[in-house]
Each structure stands twice: as structure tokens, then as C-alpha cells.
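Structure at a glance
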Amino acid sequence: MKRTVLTFIIAALLLVLPLLLGQVSDFWLHVVIMIGVFSILSMGLNVIIGYAGQFALGHAAFYGIGAYTAALLLIHYNLSFWLVLPIAAVITGFFGFLLGTPVIRLRGDYLGIVTLGFGEIVRLIFVNWIDVTRGPMGLPGIPAPELFGFTFSGKIEFYYLILVLVVITYIVINRIVHSGIGLNMLTIREDERLAESIGIRPNKYKIMAFTIGAFFAGIAGAFWAAYISYVSPDAFRYMDSVNILAMVILGGSGNLAGSILGASILVITPELLRYVSEYRMLLLGLAIVLMMIFKPTGFWGEKHRKLNFYGKARKGEGK
Amino acid sequence: MLLQQITNGLTIGMIYALIALGYTMVYGILKIVNFAHGDIYMVGSFLGLFFLKELHVPLYVAFIFSAIVTAVIGITIERTAYRPLRKADRIVPLISALGVSTFLISVAQLIWGTEMRPFPTTFGSKTYTVGTVTVSEIQILILVLSCILMIGLQLFVKKTKVGTAMRATSISLTNAALLGINTNRMISLAFAIGSALAACAGIMVGIYYNAVYPTMGYMAGINAFTAAVLGGIGSIPGAMLGGVLLGLVEALSGAYISTQYKSVISFAILIIVLLIRPSGILGKKEINKV
Amino acid sequence: SNNSGTESKSDTLRIGLAAPISGTQAQYGQAFKNGAELAAAQINEAGGIDGKQVQIVVEDDKGDSNEAVNVANKFVSDKSILAVVGHFNSSATLATAPVYNKNKIVEISPSSSAPGVTNAGDYTYRVITTDAFQADYLADWSQELGYSKVALIYEQSDFGIGLLDVYKQSAAENNIEIAAAEAYNPGDKDFSTILTKIKAAQPDAIFIGGFYNEAALIAQQAQKLDLNVDFIGVDSLYSEALLELGKESVEGFKLIGFFYPGGDNEKATQFAEQYQASYNSKPDTYAAYAYVATSLVIEAIKEQGADRESIKTFLDQVKDYEGATGVLSFDENGDVVTVPSKLKIENGEFVLFE
Amino acid sequence: MENVLELQQVSVKFGGLVALNQVDLTVKRGEILAIIGPNGAGKTTLFNIMTGIYQPTSGQVLYKNQKINKLKPYKRVDLGIARTFQNTRLLKSMTVLENVLVAHQEVNKETVFASIFSSKSMQQKRQTIVQECMDKLEMVGLADKAEQLAGSLPYGEQRLLEIARALATGCELLLLDEPAAGMNQSEKRELIKKILQLSKQYHIEILLIEHDIQMIMEISDRIVVLNYGQKIAEGTPQEIQNDPQVIQAYLGGEVD
Amino acid sequence: MTHSQSILEIEQLAVSYDAIKAVKGISLHVKQGEIVALIGTNGSGKTSTLHSISGLHKHNQGVIKFEGKDITKLEPHKIVAAGISQVPEGRGVLGDLTVMENMMLGSYVRKDKKNIAQDLQSMFQLFPRLAERKKQLAGTMSGGEQQMLAIARALMARPKLLLLDEPSMGLAPIIVKEIFQAIKTINKDGVSILLVEQNANMALSAADRGYVMETGSIVVEDRAENLRNNDIVKSVYLGIST
Ligand SMILES: Nc1ncnc2c1ncn2[C@@H]1O[C@H](COP(=O)(O)OP(=O)(O)OP(=O)(O)O)[C@@H](O)[C@H]1O
Ligand SMILES: Nc1ncnc2c1ncn2[C@@H]1O[C@H](COP(=O)(O)OP(=O)(O)OP(=O)(O)O)[C@@H](O)[C@H]1O
Ligand SMILES: [Mg+2]
Ligand SMILES: [Mg+2]
């Protein structure tokens, strides 16, 4: 009951937020939109890291693939954004599958470095495949989405779009991780060998995690391309991957709401710290260390993981 | 040209290896990837610069001082940023390390500025030409010192009591403590050694390129991490081999294939090697006994 | 949410400066900041504009288009910001151009030289010439210098590639053979592979299509490899750092310069002196460009009042403005029109070539 | 009696060490077969061969007359082979119930599509799954701890949870590696009852490694004795108890 | 109560894990030269007690004294250095090290270097299997072999007090007999022993005294031979129906 009320209040707030922020400044609306983009990215990565336990350091590459796919389709083929969005997601998901298939044999840090390498390779392809990507010059002039003949021109439209995308992402991933799939992923995260000996195919679920994570990164990328109307390789660097990773961990790996929280913290904090100019990065560094020390399992860690695979089947859950 | 390229590659490789050694030290014992390691290397390099330029000490003294101060910094970082997270998931210190890295870079920028700084020593610039190959003094120093440090470290870890105790600590903190090992001290020691090695690498690189700057740890860190993994993370000869291999691959692919794609090629090779040997070239296979 | 035309009500005149204050390009950001702040300090010392002080509002874009867009949004939604000086990278300028143009606020880049910036929008200006211009100029000069075989080392960025493309084309017209064209990725510090390759090709000169830091490393490493050729480059090499880092290895470098103190441009000499007095170091090209860009905005406010739109009007009308980087005007695309000098390094100093 | 599992001339080598040497072994329908032998005799290795953790260096493994030598561990679970571990292996940060759920075959069959558009029938199915898993917990006496984290269970209960988990796979052949280790006599008593119940009531074949000779005598239908990787004896509890070779190698001189 | 000749003295020890109270204020002691058995049902808090003694678990109440000195707050490695060794539940061998390295680490805190080689020989005599497998990685040893290693390693420290957590677990009967024989021998050499065991029969026949724990409390304390005739002990731990 209390939960429903809370959900309702949050929903109402989110709906009127742009009006409130519109009064303050466009900038904060932009920040909120960025939170949305990173929430999708970190929720996707959470499936890979928080649930399947696969250490992936190349998430920005998927984000980039989504953005470039969308940009190229929108610029060269004049397709509707509403068609491009799912296509970009599917193509990116396919890349997730492609990456996942060979590397699932690797564990821990070995996987980390390979995904990092994958991320760099993808970025270098963006940089060097000039005929298609225009290399470091990037792709400018990506057309804005249209809906019923109405062109998205302001931030408010993009805000509602990202809101819808975040909600869909949350619901879909939430259902997946709270199903048998999620349970099996958790098992693999904890003990892969054990998983095998109770009948779970680790490879299947690892690839699935990569595919799901990449799919949603593709959505975020496509949105970003349309929103900024320009893509260039420097937005998809290794540091961006690490940043998304930090969002997952800080918010609490294995908890989707945590990912949104993590994205919010790590998008807002640097913006707030702009007021201290020279000391900005120094304080950001300190802030990250302090947050981790005080919340080693993230703000909403594992403990908040809802055991609702069995939903109402068992009442009185929790501790 | 081939021989010259091999020499070039070997030198870069040795530098990667030296940084990778520190990586492997810390990784070997705590099983965390110390993302801040590259930045510790940067700090070591700046400290070397400071001792040479401000205190006018001889080069070898600069090496020693910088190694000591950097070791202390390494220990401090471990105490403040990693130790409180000992019980947390292995991935958590990684993020904390990221914070440390950001912090170190900005501190360096505040103290030393953002510009690239030259290294105030004339040592190392003398060159020798043998046939078609030109080698500089500093390249020779890098090769020799790296080998000495590696062999010394390997003997220390494998043959001494303290070394064995360090390895015990890396396997299980609890069980090592039950044998009377001061695990905290072992961890501090690993950080100290890793950081001191990074400082040595930092100074040598500073001399080699005659350039020190706050973000120098970034690429170095990634390359060293790659080298450590390629050779088998946690293995000292592995770090060495991985570093040298990476350096050679970069030089040769740059020379004969494409300079734009040389990182692509070295990552591709890394991936292929790992697919064949999932724990790196000299890495130990995971014990598979239930 | 259209903010153009709103008169600032506070007593300060605020100009935005977007630059990579942190990250791997922080040094250029620092130069930007110094140059821009010097321009503001000078007008403020002189009593400001109509009694109002000029304030430079610095925002860090890390040289990353993601961050740059954040910064742009921050600037445009702050109604007191009159114009923005920045960004450093062409990709950042391109990424933010839609934001500035939509909000009708001038963005004047001191350093984004990529050809693409030309069409970025009506409110996008720059005080640096395009890569095309400089590369073309350099190719002509190369012929005058009598080079018949030139090797290129360029940064794999919009900047380097831009230079490469144009130089290659103009070189062909000037009967210069391109002996090799080798790219490096931003952040690379080891050029021994590239140089060994180039050594084998035996060129007359090497064109460095990158920044002064890398140029210094390249020269030093070339020396260690016993590679003795001429080096040429564009204005991105003009920095005290090149001399300090490169020492005797950069002796004889030939480069195009727009900013050159100590020559016949008094403004440049003045700026260099004032800069030296304020920051105790010599300015590089980027500090000078940022100074010029900021000065132009200040000039606009002085002439046309503190209003976003009228700053644009002013810039469109600028004719033969005498600044630290030479005499300049803007064409209809907001690109600068100006004439460079030829420089070389002699006895550890930049001197006029001839 | 038909053979459920059959090992033919199975050998396992680790470097120079022969852990199993040409072992023949059959598990017959409905029986409880105990494997005993000194430490390091190769008992656990035998389990590892059967469950696919190790591949035999030579020899054949047959399950219901089908060759399963090369089958991955999870495929063998599909066929109906499940096990517990000598050193307990639980998902310590997950709850007791979740530890059992993850082993349930139906949980493995859920698809992405179905879980996103989670239907009524799916919800019902999940309820059945949970109920079945609770039954397994009930059986080992851990139902009231379903919501506790597995890592906080005392050692003995961790072993019971392993059994519940193995049962949740819907196995037909259950391999228990020292299930009574760390239990006292009365707890062992309980365990014996449960094993017998599993065997007789649920018709599960059980293969059991144990060092508690009294317990072995009480529950096993047949005993196989290993020593240095070799099968040195096989027979009924009575036969084994009086086998001089067994007494000498394993029991140590006297017989209780 | 004080026991002047006690080597280990625990007073009102309480151990908790977050909300769970595993040990609820127990007092026990081990006299110099004694073997004391601690038996109890699953989850009664035996391991928790041992962990508190060796300093692995710190969220305790109460006082633990060793040779009269308060060790409650000492770090684990200092406690080992003071003379307490533990054979942990689940063996705790260092899997990636060889058998030999594990053994040598056992003597890590020893000051008398001379006798180490000799002690090593006597351990190898006690457990010939370990001598055969000096170079094998401890993690690949069989369960029982690991148990032998854990015991031998703890003894290499030449402790004054040895804490054994279920040493007979996973061992073949013949080895169990040998180990209990060894425990008695070690004890004769002057080492005091606190023995946690499920094999109550063996434990009580080796011990001088014993405690019985249930759900965090000590319910019976007596001389070992008396405990063997205690009704509860007989039915629950010895499996003799009364
Ligand atoms: N992966 C491995 N590498 C090397 N040796 C191994 C490996 N696995 C097992 N061994 C050796 O093989 C032998 C048999 O081991 P196994 O675990 O099967 O013994 P066990 O009969 O189960 O003994 P216990 O009763 O002590 O558990 C042992 O000597 C062990 O050291
Ligand atoms: N790490 C832990 N976290 C939470 N609870 C724990 C933890 N370790 C033990 N417990 C709880 O403390 C109680 C005592 O456990 P302990 O391991 O001391 O029992 P024990 O007597 O050694 O049992 P066993 O004979 O099974 O080894 C149990 O209820 C157990 O669930
Ligand atoms: Mg075994
Ligand atoms: Mg216990």
C-alpha cells in the first residue's frame, strides 16, 4: 500500500519535473536527460556485472555502436527515428552476442581486459574508418525525431522520450532479473562450477547477459545521437565505460534502482562540483573514495535485492 | 629496419613490463586491479623530477628517494582507500581506485601544472650505433634495470619466507592470519614494492622521453594492465613477458601493418592469446578440484 | 526557452570560457584560461565597460563531446552569459554548435580548425584559420624550401587528418612526393616505430601535423635514432614548451605562425609582455588565440552593448581587427581571414624566417 | 537388476599420479551403494568422473546404457545425475530457498520473452516450483530457515541444504560426498532415515562416500572399497566388514 | 572463578553476527597440559568460540585470557605468535601453495629455527602421505589429505595451546585413530589442547575434561569419563539409546 503511494508520487513528480526545471534552467533539464541516458546504460551493465558477475570494461563501446548505427541510419537512409531506435538496439544487442560468444571462457580480470580491448577496438574503428564514420570529425546533423508530424525541438520532448525509455528499460530488465534467468545469472556470478553441476549452462546465460546489456546500451546510444544530433568517437572512451561501471557499483550492483541512483549521483556530482572549478576533479576523486568507503556495497546494494521470483507465492518475505 | 624496430619495441616493452610488475604485485596479493597504479607511476616520475631539479641530488639518489616516497604514498593509498573495503566485493576497490586516480591527477596538476615538463638530466642521451641499430644509454639502463628488478622480485616472492607469506596472504587473509602472518603488513609491503617499482619506471620513462606530465599514467596504466594480463596476471615472469611481447607487437605492427591500428592489433593478439590460454601465457590455471 | 536579447541585469558582464581544464588536454585548457582571463583583467583595470566588470566564467569540457554538451547547456541557460569562448577540440565545437545556435548565442572558438566548423552555424565563429588554409600554405612553402620528398606524422584526430588531406593534395600540385604518412593516436608518446619507418624512406623533411608536445617528443626521438631531417609544421607548434622539451633537437624547425611577439605585430609583443608579467611564463599560440577571441567579445560589448545578439552583429562587421594573432576579419561563415608569418627556431628561440 | 550407471575400466591420471586405475563399477536400480576407502583413494575423483568435472584418461562412463564420457556437467544433470560436495559449495549470499530454486529444472527453462511478458500461467508455474522446493527443504528440515542467507547456516545444515538442492534438480541418481561429516550421532541418525526414505520412497539411486563405518553398515545395500585408485573389494556390508584386505587398509586392525 | 594454572580462560564470552547471537555468554578454561573437549550440536557456537579465541571474530563481549594475559583485542597474528594455533574447520589449507610451503608457513612465527627441520621430519613420519606429496598443490589434495596437512601445519608452530576444529572430519577410521594417538602424544609433550569434535566418542576418550554446548550456551561441564556416562551425551553424541 505504502509502496503504491510512493510509486504514484514519484511518477507524478517525474511527469511535472520538466515544468519545474524549465523554470530554473534548461541546463538542469539537460542534466536530468543525461541521468536518463546513463540510467539505461548502467541498468544494462548491471545485468552483466551485478547479475551475471561478468567483469566488463567496455560498455561505452555498445553505447557507441548504438549511437553510430542510429546516426548512420538517420543521416543516410532517412529512416524514422522510431524505426531506427529498435534497429539500433537489435544491432547493438547482436554485437553484444558476438562479443559474448568467444569471451565467455574468460574469467574475472581476464574478461575485464578483453572487454576493455574490445571497447578500444570499437573506438579505434570509429576513429579510423573514415569513409563511414568520418573518423574523428564525427557525424554532425543528425535529424531530430518526429512524432505525428511534430519535430522534437526542445528538451522537454526529449525528456519525456527518455523517461519512457527508462521506464521501459526498468520494467523489462526488472522482469528478466527476477525470473529464473536472473536467479541463474546470480548463481553463475557466485560459483560458475557449481552452476554447471546443478544443471545451469553458464555460457548461455553469460551470452544472454551481454546481449541484454548491449541491447539497452544501443537504445541509450540511439537516443543520445538523436538528442545531441552529433556523434564523435570521443564520447565512447574507456573512461566512459569505467564511469558507467562506477555508477553500477556505487548505486549497488545487483539492484536496478541502485543503477538509477548511481547514474544520478555520478551525473549530478560533477555538475555540482563545477562551482569549485580547479578543485573539481580533486573533490570528485575524494567523493568517489569516500562514497565507496562508507557504502562498500553501494547505496542500495544486494541486501535490497527483491526476492520476488516467487512474488506472492510466499508471503512474509524479507528479513 | 627490423632490428631497429625490435630494439624500439623491446624498450617500450620493458617499460610496460616494469609498470606491469607493480600491477601484478598488488593484484597478486589483493586480487584487485589497482586502477590508480598508472598514476602512482606518474607521481613517482614527478618526485624524481623534483629531487633532481629542486634538490639537485645525483640521479641514483633521485631513484632511491622517489622510490621511498612513492612507496609511502602507495601504502597510504592502500590504508585509506582500499583497506576499509577489504570485505566488500572485489570490484568495489576498483571504483575507489578510480577515485584515487582522479585525485592524484588533479593534485599533480595543482602542484606541478598541466604542462609537459622536461627531465633535467643529461644522462641517457648518448647513443651507440651498432650496424644499422642505434641504441641510447637510457635504453640500455631500462633493459638492464628491469631485468635485475624482475629477477630480484621473483626470487623474493618465491624463495623467501616473507615472499611465501605474501603469497599465503593473497590466497586467504583468514587462513594466513591463522598462521601468524601479519596480513596487513604483507599487503602494505606489496603496495610499497609495487609503488617503488612504478616510481623507478616513472623516472626511467621520464628520462627516456624527456617528458613528465600529470596524465602520463593513463595510457601507461592501460598498457601495463594489458601486459600483466597477457603474461598471466599475478605472475612476475608473466608480467615481464607480457610487457615485452606487447612492446614488440606494437612496434612491429606499427612498422609493417599500420600505425593507426597498432592498438587494435595488439588488443586483437591479446584476445586471441587469451582465447587459447584463458589465464595468460604464464598464468596458473585455476585449481579445479571439488 | 529563447534567451537571446535579454539584457544582463547584474553589474558584471559574464563571458563563458569552455576549455579542457582537466584530462589529457588540460595544458591547452590552462592556456585558454590564462589568455581569456588576461583580456578580462586588462579591461577591468581600465575601469571595465561602462563601469561594469568583465568576468570570465570557466567551465571544464574535458575535451570530450559529452561533457562539452553539458557545458554548452549550462552556458546557454545562464542568461547572464553573453557569449562563449571555446571550445578547444573541433569535435567539441561541432557537438555544441547546435546548442549555441539554437539558443542564439555566439560561440567563438580560439582553436577548432577542422573544416567542418565552417558550416556549424551562424553563431559559430573562430579566430584560427582552417587546417585547409594552413596545410595549403605550408605546401607552397615546402616547395619554396626546395623539398621534393616530405614525410608526414599526423595525429589521428580531426585536426591531424584535416592537415594531412590538404597537404597531400597541395603537395601533389607542388610536385612534392609524400614519402610516408604515419598517424599516431592522441596520447601516444612513443614515435620510435614511426620514425624508424620514416628514416628508411629518406625524406627531405617531416611535417608534424600535431601539437607542440608531441613535436618535441618526435624531434628528440628522431635525434636518438640518428635521423637528421628538417621539420615543418603549423601554428600548433608555437609554444615555449616546444623549445624547453625539445632542446637542441628542435633547432631549425620551420613553422607557420599567426602569433609572433617580437616581430612587427605590436599587439603580439604587448600581449606577450603582459602575459609574462601576469603568469610568469611565455604564452603559446592557444593563449594568444583565446586572448584574441575574448578581446573581440569584449570589444563587441563595448561597441554594441551587453547583448547576445549584438555581439554577433559586431563580429559580422569586424574588419581588419588588429589582434595579437594578426590582422583579422570574419567571412560569411564566421571563419577568420588573416595572413600568417613564417617562423623558424634558431638558437633556442622562435625567429622570423628569411 | 538393471544397471543405471556403469563405469568400465576407468582410469584418471594427474601428471604422474594415478588417482583411479581401471575401475569397473555399476550402480543398480534402486540400490544404495557406498564407496569407502582411505584418504586419497580416489573416491571423490570417482564422483568427479561421473558428474563430468573431470574427464577419464581412459575408459567409459555409461548412464542407462548411453555413453556420457564427454558430456558437460549440466547435461548430466538433465539426464538425472546430481551430487553434493565434500567441501560444501553454497551460494552463501543468497537465501536458503534460492539455493534450492536455482537447481530446479523448470527455473532453467524460463525464456527472456516469457519472463518479460510474465503471464498468469507463468506465475502459477512459479508457485508450483517454489512449493516443490519448499518440500525439499521440508524434507531435510530446513523449511523454517528458507529466508536465511545460506552462508549463515552452521556446517551441518549446509550439508543438508546441499542435499535439498541436489534433490531439486529432479535427480534419479544422487551422489553424496561425505554427507554426515560434521554431524553428531543423533544428527547422523536423522540423516540415515532421510537417505533411506529417499531411496525407498522416492526411488532414487544413491551413491555415498562416507568414513563413518557404522553408518555405512547400516544403510548400504552394497559397498565398494577403493585403495590407491584401485577397487580392492566389493560386496555386502557383511562381506566387506570381514574382508581382511579392507580391515588392513581402511579400518585399521580391529573391527568395532 | 580463577584457575591459577589455566593456560586459557574465557569469561562470559558472547559472540554475535549482526542480529544472530551465536554464543551467549559462556565461560570455560583449559588448564596447562590438559585436553579439553568441546562438543555440541550443529550451530551451537563451537566454531564461533574458537574464532573468538584466535581473534578472527571481533564483535564479542567478555574476556579471553591466555597465560593470564588479556588477548581479547589482539590481532590474529599476534595471538598465533603468543602461542595459540588453530586447525580451522574446513581445513583452511592454502590451495595455491605446495604442501611443503604450507608446512613451512606453519613455522612462520617460530623463533627457534634450528628445530624446524627436525619437526618437519616428525610430521612427515606422522603423515607419510604428506612426505610423498611435498610438491603437490595443497588445493588438489583429497579432503582427508588436506586435513592431515592442516593438522601438521598447525603443529609446526609448536604452539602452547592447540585449537582443533573437528580434526577427524573426512578422515578414514584408520587415520582418525592415528590422529587421536598423535593428539595424545603432542599433549604429553606439553601442549594444551582444546578439541571441538563431532566424534564425541573419540574426543571424550582422549580428553581430560569436556564441555557440552547447545544453542550458544554451555549446558554440561564435567570430567570426560563422567560425560561418557551422561544421559544426554550418550543419546545425542554417542548414539547409545538409553
Ligand atoms: N586435480 C588434481 N591434481 C592433482 N592431484 C589430484 C587432483 N585431484 C585429486 N588428486 C589426487 O588424487 C588422489 C585421489 O583424490 P580424491 O579426492 O579422489 O580422494 P578421496 O578418496 O576422495 O579422499 P578423501 O577421503 O580424503 O576425500 C589424491 O591423492 C589427490 O591428492
Ligand atoms: N558468518 C556468519 N554470519 C551469520 N551467522 C553465522 C555466521 N557464522 C556462524 N553463524 C551462526 O552462528 C551460530 C553458531 O555457528 P557455529 O559455526 O559457531 O556453530 P558450530 O557449533 O561450529 O556448528 P557446526 O558443528 O555445524 O560446525 C549458527 O547459528 C550460525 O548460523
Ligand atoms: Mg574425497
Ligand atoms: Mg563448527
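Residues numbered from 1 in each chain as written. Chains lettered and ligands numbered in written order. Predicted model: local features only at pLDDT ≥ 70, side-chain atom pairs only at ≥ 80, totals over all residues. Heavy atoms only, no water.

Some remarks on the packing of helix 2 (residues 26–51) of chain A against helix 7 (residues 155–177) of chain A
All names here are of chain A. The condition that has to hold: Note on geometry: axes are lines fitted to C-alpha atoms, helical ones only across the stretch in contact, with angles between N-to-C directions running from 0 to 180 degrees. Helix numbers and strand numbers start at the N terminus; a helix is a DSSP run of H or I with at least 4 residues, a strand a run of E with at least 2. Roughly parallel means an angle under 35 degrees; roughly antiparallel, over 145; roughly perpendicular, 65 to 115; everything else is oblique. For a crossing to be left-handed, the near helix must be turned anticlockwise from the far one by less than a right angle; the clockwise case is right-handed. The contact rule is simple, with two residues in contact once any of their heavy atoms fall within 4.5 Å. We call Asp, Glu, Lys and Arg charged. Ala, Val, Leu, Ile, Met, Phe, Trp, Tyr, Cys and Pro are nonpolar, and the rest, Gly among them, are polar.
Orientation of helix 2 relative to helix 7, taken along the N-to-C sense of each, is 20°, at an axis distance of 10 Å. One way to sum up the angle between helix 2 and helix 7 is to call them roughly parallel. Between helix 2 and helix 7 the crossing geometry is left-handed. Of the residues in helix 7, those in contact with Asp26, Leu29, His30, Val32, Ile33, Gly36, Val37, Ile40, Met43, Gly44, Val47 and Tyr51 of helix 2 are Lys155, Ile156, Phe158, Tyr159, Ile162, Leu165, Val166, Thr169, Tyr170, Ile173 and Val177. Taken together, the residues of the contact of helix 2 with helix 7 break down into 17 nonpolar, 4 polar and 2 charged.

A few points about the sheet that holds strand 3 (residues 35–40) of chain E
Residue and element names in this part refer to chain E. We apply this condition: Each pair of strands is called paired provided DSSP finds at least two bridges between the two strands.
Taking strand neighbours across the sheet as the criterion, the 6 strands line up as 6-7-8-3-9-10 in an open arrangement whose pairing is mixed. Looking at the sheet topology across the chains shown, the edges are occupied by strand 6 (84–87) and strand 10 (217–223). Taken pair by pair, the neighbouring strands of this sheet meet at an average axis angle of 15°, ignoring direction. Both strand 6 and strand 7 (residues 161–165) contribute to a ladder of 4 bridges, which runs parallel. Within strand 7, the position partnered with Ser85 by the bridge is Leu162.

Points about the packing of helix 7 of chain A against helix 10 (residues 202–228) of chain A
Residues and elements named next belong to chain A. At a minimum axis distance of 11 Å, the contact between helix 7 and helix 10 shows a crossing angle of 180°. The orientation of helix 7 with respect to helix 10, classified from their angle, is roughly antiparallel. Contacts between helix 7 and helix 10 involve Lys155, Phe158, Leu161, Ile162, Leu165, Thr169, Val172, Ile173 and Ile176 from the former and Ile212, Phe216, Ile219, Phe223, Ala226 and Tyr227 from the latter.

Things to note about the UniProt feature "transmembrane region" (unreviewed entry) in chain B
All names here are of chain B. In plain terms, the rule: UniProt positions are given in the numbering used here, feature names are shortened, and annotations may be inferred rather than shown by experiment.
UniProt's feature table lists "transmembrane region" (unreviewed entry) at residues 6–26, 58–79, 91–112, 138–157, 189–209 and 264–283, given in the numbering used throughout. Helix makes up 95% of residues 91–112 and strand 0%, whereas the separation of the span's terminal C-alpha atoms amounts to 32 Å. Split by type, residues 138–157 is 100% helix and 0% strand. Its first and last C-alpha atoms lie 28 Å apart.

Overview of the sheet that holds strand 6 (residues 149–155) of chain C
All names here are of chain C. Strand order across the open sheet formed by 7 strands is 7-6-8-9-10-14-15, with mixed pairing between neighbours. Each edge of the open sheet is held by one strand with a lone partner, namely strand 7 (177–184) and strand 15 (349–352). On average, adjacent strands in this sheet sit at an angle of 25° to one another, irrespective of strand direction. Bridge count for strand 14 (residues 341–346) against strand 15 is 4 bridges, and the pairing is antiparallel. Paired with Ile345 across the strands is Phe350, a residue of strand 15. The strands touched by helix 4 (residues 131–144) within the sheet are strand 8 (205–209), strand 9 (230–233), strand 10 (254–257) and strand 14, with strand 10 carrying the most contacts at an inclination of about 140°.

Here we look at the site of ligand 1
Rules: Nearness of a residue to a molecule or strand requires only that one of the residue's heavy atoms be within 4 Å of it. Throughout this description, a polar contact denotes any pair of N or O atoms lying within 3.5 Å of each other; where both atoms belong to protein, one of them has to be capable of donating a hydrogen while the other can accept it, and for residues adjacent in sequence the pair is counted only when both atoms sit in side chains.
Inspection of the region around ligand 1 gives 23 residues, with Lys43, Thr44 and Thr45 of chain D together with Ser142 and Gly144 of chain E positioned closest. Looking at the residues close to ligand 1, they fall on chains B, D and E. Measuring from an oxygen atom of ligand 1, one finds a backbone N or O atom of Gly144 of chain E at 2.6 Å. If you list the elements that add at least two residues to the shell around ligand 1, you get strand 2 (17–28) and helix 1 (43–51) of chain D together with helix 6 (143–155) of chain E. Considered class by class, the residues forming the shell around ligand 1 number 6 nonpolar, 12 polar and 5 charged.

Considerations on the arrangement of the chains
Between chain C and chain D there is no contact; the minimum C-alpha to C-alpha separation amounts to 32 Å. With respect to C-alpha atoms, chain C approaches chain E no nearer than 39 Å, and the pair has no contact.

Remarks on the packing of aromatic side chains
Formally: By convention, a stacked pair of Phe, Tyr or Trp rings (six-membered ring in the case of Trp) has centres within 6.5 Å and planes under 30 degrees apart, an edge-to-face pair has planes over 60 apart, and any other such pair is tilted. Think of it in three bands: with a 1.4 Å probe and only protein chains considered, a residue is buried below 20% of the maximum accessible area for its type, exposed above 50%, and partly exposed in between. Lysine NZ or arginine CZ positioned within 6 Å of the ring centre and within 35 degrees of the ring normal marks a charge as sitting over the ring.
Under the counting rule described, the total for this entry stands at 50 aromatic pairs over all chains. With a centroid separation of 5.5 Å and 70° between ring planes, the pair formed by Phe88 of chain C and Tyr286 of chain C is classed as edge-to-face. Here Tyr286 of chain C lies in helix 10 (residues 285–304) and Phe88 of chain C lies in the loop between strand 3 (81–85) and helix 3 (90–102), a separation of 198 residues in the sequence. Comparing Phe88 of chain C with Tyr286 of chain C, the two get one shared label, buried. Plain terms: the ring middles of Tyr184 of chain C and Phe191 of chain C are 5.0 Å apart, the flat faces sit at 85° to each other, and that makes the pair edge-to-face. Here Tyr184 of chain C falls in the buried class, since its relative accessible area comes to 1%. For Phe191 of chain C, a relative accessible area of 0% corresponds to the buried category. Among the aromatic residues, those joined into a ring-pair cluster are Phe81, Trp82, Phe150, Phe152, Phe158, Phe223 and Tyr227 of chain A. Of note, Lys312 of chain C hangs over the ring of Tyr123 of chain C, and the distance from its end group to the ring centre comes to 5.1 Å. Here the basic side chain of Arg89 of chain D rests over the ring of Phe85 of chain D, its NZ or CZ set 5.9 Å away from the ring centre.

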